[in-house]
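This is what each chain is made of:
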Amino acid sequence: MKYLLWSLVLIGTSLTFAQQTAPFKVVLDAGHGGKDPGTMRGTIREKDIVLDVVLRLGKLLDQASGIKVIYTRKTDVFIELRERAQIANKAKANLFISVHCNGVKSTAAKGTETFVMGMSRTDTNLDIAKKENGVIFLEDDYNQKYKGFDPNNPETLLGLKILQEEFLGQSIELASEIEKNFQLTNRFSRGVKQQPIWVLDATVMPGVLIELGFVSHPEEGLYISSEAGKDEMAESIFNSIIAYKNTFFSPTEVSFSADNPSDSLPTQVTAEPLVKENASVTVGKRYKVQLEAGTKQIALNPSNFRGLDTISFTYDNNRYKYFYGEETDYEACKKRLEEAKNKGYKTAFIVTFDTN
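Bear in mind that the values here come from a model prediction, so they are computed numbers and not experimental data. (Residues numbered from 1 in each chain as written. Predicted model: local features only at pLDDT ≥ 70, side-chain atom pairs only at ≥ 80, totals over all residues. Heavy atoms only, no water.)

### A short note on unusual backbone geometry
So, step 1. The backbone phi angle of His-32 is positive, close to 65°, even though this residue is not glycine.
So, step 2. The residue His-32 is located in the loop between strand 1 (24–30) and strand 2 (40–41) in this model.
So, step 3. Located in the positive-phi region is Thr-310, a residue other than glycine, with phi close to 45°.
So, step 4. Relative to the helices and strands, Thr-310 is located in the loop between strand 11 (285–294) and strand 12 (311–316). (Helix = DSSP H or I, 4+ residues; strand = E, 2+ residues; numbered from the N terminus.)

### Overview of the packing of aromatic side chains
What describes a pair of aromatic rings is the distance from one ring centre to the other and the angle between the planes of the rings.
So, step 1. All chains considered together, the criterion is met by 10 aromatic pairs.
So, step 2. When the ring of Tyr-287 is compared with that of Tyr-330, the centres are 5.4 Å apart and the planes differ by 70°; the resulting orientation is edge-to-face. Note that Tyr-287 is positioned in strand 11 and Tyr-330 in helix 11 (residues 330–342), a separation of 43 residues in sequence.
So, step 3. Geometrically, the ring pair formed by Phe-305 and Tyr-322 is tilted, given 5.4 Å between the ring centres and 45° between the ring planes. Of this pair, Phe-305 sits in the loop between strand 11 and strand 12 while Tyr-322 sits in strand 13 (residues 319–327), placing them 17 residues apart in sequence. Each member of the pair, Phe-305 as well as Tyr-322, carries the same accessibility label: buried.
So, step 4. Ring pairs connect the aromatic residues Phe-305, Phe-313, Tyr-315, Tyr-320 and Tyr-322, which therefore count as one cluster.
So, step 5. The ring of Tyr-324 carries the charged tip of Arg-336 above its face, separated from the ring centre by 4.9 Å. (Phe/Tyr/Trp six-rings, centres within 6.5 Å; stacked < 30°, edge-to-face > 60°. Buried < 20%, exposed > 50% of the residue type's maximum accessible area, 1.4 Å probe, protein only. Lys NZ or Arg CZ within 6 Å of the ring centre and 35° of its normal.)

### A word on the sheet that holds strand 1
So, step 1. Overall, mixed pairing links the six strands, which are arranged 4-1-5-8-6-7 in an open sheet. Strands at the two margins of the open sheet, each flanked by one partner only, are strand 4 (67–71) and strand 7 (189–195). Within the sheet, the average angular offset between the axes of one strand and its neighbour, ignoring direction, is 20°.
So, step 2. Of the strand pairs in this sheet, strand 5 (residues 95–102) and strand 8 (residues 207–214) are connected by six bridges, and their pairing is parallel. If you follow His-100 over to strand 8, its bridge partner there is Glu-211.
So, step 3. Against the sheet, helix 3 (residues 46–61) contacts strand 1, strand 4, strand 5 and strand 8, and its axis sits at roughly 160° relative to strand 1. (Pairing = 2+ DSSP bridges. Axes fitted to C-alpha atoms, helices over the stretch in contact; angles between N-to-C directions. Contact = heavy atoms within 4.5 Å.)

### A few points about the pattern of salt bridges
So, step 1. Applying the stated criterion to the full structure yields 16 salt bridges.
So, step 2. A salt bridge links Arg-56 to Glu-227; its shortest N-O distance comes to 2.4 Å. Residue Arg-56 is located in helix 3, and its partner Glu-227 is located in helix 10 (residues 227–248); the two are separated by 171 residues in the primary sequence.
So, step 3. Classification of Arg-56 as buried rests on a relative accessible area of 10%.
So, step 4. Among the ionic pairs, Glu-227 bridges to Lys-230, the shortest N-O distance being 3.5 Å. Pair noted here: Glu-227 and Lys-230 are both in helix 10, with a separation of three residues, about one helical turn.
So, step 5. Overall, the relative accessible area of 49% leaves Glu-227 in the partly exposed class.
So, step 6. Residue Lys-230 is classed as buried on the basis of its relative accessible area, which comes to 7%. (Salt bridge = Lys/Arg side-chain N within 4 Å of Asp/Glu carboxyl O.)

### Considerations on the confidence of the model for the chain
So, step 1. On average, residues of the chain score 76 in pLDDT, and 70% of them reach the 70 mark or higher.
So, step 2. This model gives residues 1–20 a pLDDT under 50, and the stretch forms 35 contacts once residues within four places in sequence are excluded. (pLDDT = per-residue confidence, 0-100.)

### Looking at the pairing of strand 4
The two faces of the sheet receive side chains in turn, since in a regular strand these alternate between them.
So, step 1. Within strand 4, four of the five residues are buried, which leaves the element mostly enclosed by the surrounding structure.
So, step 2. Across five bridges, the pairing between strand 1 and strand 4 is parallel. Paired with Phe-24 across the strands is Ile-67, a residue of strand 4.

Okay, here's the thing in C-alpha cells:
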C-alpha cells in the first residue's frame, strides 16, 4: 500500500510518455464468482453471465493493437474485493472495468447502468494518501527516488485531488460511451451514476462498474444470459473502450482474420461487406475506418454519413457496422480516420481486414 496512492502522482507526470511507449492495459473484472453467485433467478446466475461476457470482451480486445488485457478471474473462483483492486494497481492499468448484473424483488425493473466513483469519498482518499505515503520517509535515497515529494505538503495533496478529479472525468466519459453503445442495441439505459463503490475507489486509474441488466426481469434476464445477448454486450463495451482509448491515448487498429472464423466471435466483422459501392477486391490486408454500428440499416448515401463517401457495411447477428474508405496502406487509412473525426465521428477507429 505504501506506493499505491503515490502512484497517482507518477501517473500524472508521465502520462504522455506512457501513452506513446507502453501498452494500454485494461483490467477486466468479472464480479462475484465461486461461493458468491451474485444475484440469481432460477438457473440464471450473475457470476456465470459476467464471466462469459468478460471472456468474450477480452477476446475482442486481444485483436486490437497496443492493448494488453488483464483478468481478475478467468474461472469460477471467489476473489476478494481487495485483491481485485490490487491486481489492477499492481499492473498499473489504464482502465478498470468491473462487470455485474442487477437483481431486485420486483420483476418490472430493467435496464443497463454504469457507475463511476462517488466523489463523496475523495476527502477520505486524500487523508489515506497522506497517511500511507508518509512511510516513504523511512526509505533509503528518499530524495533520489521521489524527487522531494512531501506527503505533508498541501500542494502535493492538491495535485492528487486534481488527478483524482481527472480520473473521475475520464471515467464518466467511458461510462457515457458504454451507455450510448448499449442504447444502439435497443437496450433501455438507466444512465451513468456516481456511487462510493469500494473497488472503484481503491483502484488508482479511471474505472467503471457496469450493470448489464436485471436477471430478475423475465425478458431481460433471458437476453443477458443468451449467447447472442452476451456477444452483443461484449461488443458494445469493446467499442466503448476503443473509443475511449482513441480519445485519451493513441489510435487503435483492430484486426479480424477471414481465415480463422473459429477464432472470431459471431458479432465480429466479416471479410467482405454484403453491399459495397465502387468495390474493388484487394488481396492481403485492407484497412477501413469503422464509423458506427447499430441495429438499423442505413442507405449508403454520403448525406447519411456527414458527407463521407465510399461507405460499406457488414451485417451479422442483427448488427450493421458501417465503414469509411478502404486502403492497403495503414498510414493512408490514418488520414481517413482523421477525416472521419473531423466530420464528427469522434469514436471512429481503424479495422483491419485480412483476406489472405
